[in-house]
Amino acid sequence: MEKQEGRAAAAVRLDVPWYEALSPDWGEWGGTDSSAAPAAQGPDSRGATETADIYAEVRRSAAFQEVRGRYRRFVIPASLAFLGWYVAYVVAATAAPGLMARPVAGAVNVAMVAGLGQFLSTFLLTWAYARHARLHRDRAALELRWAVFDRRTRGAEGDAR
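Cut-off values and rules
Residues numbered from 1 in each chain as written. Predicted model: local features only at pLDDT ≥ 70, side-chain atom pairs only at ≥ 80, totals over all residues. Heavy atoms only, no water. Helix = DSSP H or I, 4+ residues; strand = E, 2+ residues; numbered from the N terminus. Buried < 20%, exposed > 50% of the residue type's maximum accessible area, 1.4 Å probe, protein only. Contact = heavy atoms within 4.5 Å. Core = buried A, V, L, I, M, F, W, Y, C linked by side-chain atoms within 4.5 Å. Expected span 1.5 Å × (residues − 1). Salt bridge = Lys/Arg side-chain N within 4 Å of Asp/Glu carboxyl O. Phe/Tyr/Trp six-rings, centres within 6.5 Å; stacked < 30°, edge-to-face > 60°. pLDDT = per-residue confidence, 0-100.

- Going by the annotation in an unreviewed UniProt entry, the name recorded for the protein is DUF485 domain-containing protein, with Streptomyces scopuliridis given as the source organism.

**Brief notes about the environment of Arg 137**
Next up, step 1: Within the secondary structure, Arg 137 sits in helix H4 (residues 110-160).
Next up, step 2: The exposure class assigned to Arg 137 is buried, which follows from its relative accessible area of 8%.
Next up, step 3: Spatially, the C-alpha atoms of Arg 137 and Arg 68 are 8.5 Å apart, while their sequence positions differ by 69 residues.
Next up, step 4: Contact partners of Arg 137, with chain neighbours within four places excluded, come to Val 67, Arg 70, Tyr 71, Tyr 129 and His 132.

**Observations concerning the nonpolar core**
Next up, step 1: Formed by Ile 54, Tyr 55, Val 58, Leu 144 and Val 148, the largest nonpolar core amounts to 5 residues.
Next up, step 2: Taken together, the elements giving at least two residues each to this core come down to helix H1 (45-60) and H4.
Next up, step 3: With 3 residues, H1 is the single largest residue contributor to this core.
Next up, step 4: Setting aside chain neighbours within four positions, we find Val 148 in contact with Ile 54, Tyr 55 and Val 58.

**Remarks on the side chain of Gln 118**
Next up, step 1: You can see Gln 118 is positioned in helix H4.
Next up, step 2: With residues near it in sequence (within four places) discarded, Gln 118 still touches Phe 82, Trp 85, Tyr 86 and Tyr 89.

**Things to note about helix H2 (residues 62-95)**
Next up, step 1: With 34 residues, H2 should reach 50 Å at 1.5 Å per residue; the first-to-last C-alpha distance of 48 Å fits that figure.
Next up, step 2: Taken together, the buried positions of H2 are occupied by Val 67, Gly 69, Phe 74, Val 75 and Ala 78.

**Thoughts on the pattern of salt bridges**
Next up, step 1: Taken as a whole and judged by the stated rule, the model has 2 salt bridges.
Next up, step 2: A salt bridge links Glu 66 to Arg 70; its shortest N-O distance comes to 3.0 Å. Of this pair, Glu 66 and Arg 70 both sit in helix H2, 4 residues apart, which is roughly one turn of that helix.
Next up, step 3: Using a relative accessible area of 35% as the deciding quantity, one classes Glu 66 as partly exposed.
Next up, step 4: Ionic pairing is found between Glu 66 and Arg 73, a salt bridge with its closest N-O pair at 3.3 Å.
Next up, step 5: Judged by relative accessible area, Arg 73 falls into the exposed class, the value being 53%.
Next up, step 6: Here the residues in one salt-bridge network are Glu 66, Arg 70 and Arg 73, joined through shared partners.

**Observations regarding the side chain of His 132**
Next up, step 1: Examined against the element boundaries, His 132 turns out to sit in helix H4.
Next up, step 2: Ignoring anything within four residues of it in the chain, the contact list for His 132 reads Arg 70, Phe 74 and Arg 137.

**A few points about the packing of aromatic side chains**
Remark: the centre distance and the inter-plane angle together describe each pair of aromatic rings, the angle taken between the planes.
Next up, step 1: Under the definition given, this model contains 1 aromatic pair.
Next up, step 2: Here the aromatic rings of Phe 74 and Tyr 129 are separated by 6.0 Å at their centres, their planes lie at 50°, and the arrangement is tilted. Of this pair, Phe 74 sits in helix H2 while Tyr 129 sits in helix H4, placing them 55 residues apart in sequence.

**Here we look at the confidence of the model for the protein**
Next up, step 1: Averaged over all residues, the pLDDT of the protein equals 76, while 66% of them reach at least 70.
Next up, step 2: Mean pLDDT across the elements of the protein bottoms out in H1 (73) and peaks in strand E2 (residues 108-109) (94).
Next up, step 3: In this model, residues 31-43 is a region of pLDDT below 50 whose contacts with residues beyond four sequence positions or in other chains number 8 contacts.

This is the structure:
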């Protein structure tokens, strides 16, 4: 990434191949069909349509569905487990104050241990997520990104000829 200072700092450009290759409907829930997308105006309308078609095809591809499936198979159970652990702590703190006030060691009670466990579990979950992403999703997502970039550059070279 280039670093610039001064008035031109707003014009900083990331040097990544997919930076300008984002789909026009990137991030919309449910996605939009490229035929349902509004027609682009201007001289780049053909390129924008081709880009939207490429991304629509990528969203339907088995590789993309596999990456999203791996993400969901980790995130949904982990989120539910963490939410359950948090709710159990809150419920125990309000419904069983005697249990939470029980001393563990000296002035340290069950509530303090469980509260520190909340912090520890947050860090452990963050570590587990990063490890899961690195081992199970990052390489496939990067390969998919480069395949899209290759398709876009081949399409642009075909237009230039």
